[in-house]
Amino acid sequence: MAGGYAELLRTRHAARLLAGTLVGRLPNATAALAVVLFVRAEGGSYALAGVLSAVYGISNAIGQPLLGRAVDVYGQPRVMLPASVLSALGMALLAAVGLDVLWLAFVAMVIAGLFTPPLEGGLRALWPGVLKRADRVHAAYALDAVAQEVMFAVGPLLVTLCVAVWSERFALLVINLIGVLGALSVVLSPPSRQWRSAPREAHWLGALRSAGLLVLIGAFFFVGLALGSIAVAAVAYADEHGGGMVSSWLLSALGAGALAGGVVYGARAWPGLPENRLRLLVALLALGYLPLALTPGVVGMTALTGVAGVFLAPALACAFVVVDRHAPKGTVTEAFSWLVTTFGVGSAVGTSVVGPAVEHGGARAGFAVAGAGGIAALLVLLSTKRFLGDPGPHEDGAGPAENDRNGAVEPGFRAGHQA
């Protein structure tokens, strides 16, 4: 797959779009850690930090589908760049007012979350026009999942470096300025400027009329809850074990483990149905989260978080394929947006729930929340197997295809999606 990744990145505009999207999403990827560190530095509690992070996450979840619809109507540059600037200004407002005027801090979180640009869904809308072939688009899903883990590994280190050299307030400002520059790189690219949305099939439920998709987003709500709780629990663990960069080591190890898992997963073509494979990957992901509640010493804990991350990128890459297979005709982009939104809501709920858990039971209780989230995700998939089955053969009987349950064409390969 390494050769396949290299071929994808040599495609004109591909590397720029991927890099710009990852950099543009850096504020969203590091918000939980940056906000917790800032609130703690201002004298706030873990519970308050968790609630502020949850407000950001829920606002983000509301804003993503709304901004995605605006992108479909007005195009990417006219929506994504202003949204990125407004989101950064929201974080700048938090940095300016701190916790002195608490209601303004909540308003800042709403603005920062609500206007987070939908870069992830936007990139998947651009891939068909850039890569031209469906097999390359599917390979790009795996590359996307792997590349995200680089961001999740580097992001916490960058936040902590800014804190160590300057301050928690400066970290908020710098990370969000970098995010604006990433969004700017994307929207100035020819594919982004030329892209127009395809006509969509009218239905009031849209992608949500697919039972298989509902199962999928239900499961990944709990995966998001687990990850959101880990971010806060890692800071609590660091406080119990000398502070410093310990929390960043744990979160970076989590990302590095996912990166390694994604590279290995993408190195071969896997047999069997992706729905069955997804259940196995989520089971392994849940088993990786459970030992975190043991909270051994820093070296052992770093190793455990690395192992816990191994199956995250493979599960995400497999989920992207399953989304394609179960999204109703003409709703693949919307389906991806709902998956991202649900994942974000789960993460926000995780940061909110884990705050009181940490206050009462320390880091061990926080990591126990993550383990419970992983188990819940697995139970959702196991209890709804009849809804998340094989979508069936092509209409011509040629074999499995994307969206076949709903009679759709290959995702994104319609005239309106070509850049």
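Going by the structure above, here's the rest.
Residues numbered from 1 in each chain as written. Predicted model: local features only at pLDDT ≥ 70, side-chain atom pairs only at ≥ 80, totals over all residues. Heavy atoms only, no water.

## So, helix H5 (residues 77-97)
Right, so step 1: The first and last C-alpha atoms of H5 sit 30 Å apart over 21 residues, in line with the 30 Å expected at 1.5 Å per residue.
Right, so step 2: Among all positions in H5, only Val79, Met80, Ala83, Ser84, Ser87, Ala88, Gly90, Met91, Leu94, Ala95 and Val97 are buried.
Right, so step 3: Of the residues flanking the end of H5, it is glycine 98, one or two places downstream, whose phi is positive at about 60°. (Helix = DSSP H or I, 4+ residues; strand = E, 2+ residues; numbered from the N terminus. Expected span 1.5 Å × (residues − 1). Buried < 20%, exposed > 50% of the residue type's maximum accessible area, 1.4 Å probe, protein only.)

## Some remarks on helix H9 (residues 168-187)
Right, so step 1: For H9, built from 20 residues, the straight-helix expectation of 28 Å at 1.5 Å per residue is met to within 8% by its first-to-last C-alpha distance of 29 Å.
Right, so step 2: Within H9, burial applies to Ala171, Leu172, Ile175, Asn176, Gly179, Val180, Gly182, Ala183, Val186 and Val187. Seen along its axis, H9 keeps its buried residues to an arc of 165°; they face one direction. Opposite the packed face of H9, turned more than 90 degrees from it, sit the exposed residues Leu177 and Leu181. (Arc of directions from axis to C-beta.)

## Considerations on the packing of aromatic side chains
Right, so step 1: Going through the model one piece at a time under the given rule, you end up with two aromatic pairs.
Right, so step 2: The interplanar angle of 35° and the centroid separation of 4.4 Å between the aromatic rings of tryptophan 166 and phenylalanine 170 together place this pair among those described as tilted.
Right, so step 3: The class for tryptophan 166 is exposed, based on a relative accessible area of 53%.
Right, so step 4: For the ring pair phenylalanine 221 and phenylalanine 222, a centre distance of 5.0 Å and an interplane angle of 80° mean the geometry is edge-to-face.
Right, so step 5: A cation over an aromatic ring shows up here: arginine 40 above the ring of tyrosine 46, its NZ or CZ 4.1 Å from the ring centre. (Phe/Tyr/Trp six-rings, centres within 6.5 Å; stacked < 30°, edge-to-face > 60°. Lys NZ or Arg CZ within 6 Å of the ring centre and 35° of its normal.)

## Re the pattern of salt bridges
Right, so step 1: In total, this model carries four salt bridges according to the counting rule given.
Right, so step 2: Arginine 40 is paired through a salt bridge with aspartate 239; the nearest N and O atoms lie 3.8 Å apart. Placement of the pair is arginine 40 in helix H3 (residues 26-41) and aspartate 239 in helix H11 (residues 211-240), with a sequence separation of 199 residues.
Right, so step 3: Relative accessible area serves as the criterion here: at 35%, arginine 40 is assigned to the partly exposed category.
Right, so step 4: With relative accessibility at 44%, the residue aspartate 239 sits in the partly exposed group.
Right, so step 5: Arginine 325 is paired through a salt bridge with glutamate 275; the nearest N and O atoms lie 2.8 Å apart. Highlighted residues: arginine 325 in helix H15 (residues 312-326) and glutamate 275 in helix H13 (residues 274-289), separated in sequence by 50 residues. Each member of the pair, arginine 325 as well as glutamate 275, is classed as buried. (Salt bridge = Lys/Arg side-chain N within 4 Å of Asp/Glu carboxyl O.)

No statement about biological role is implied by the geometric values presented.
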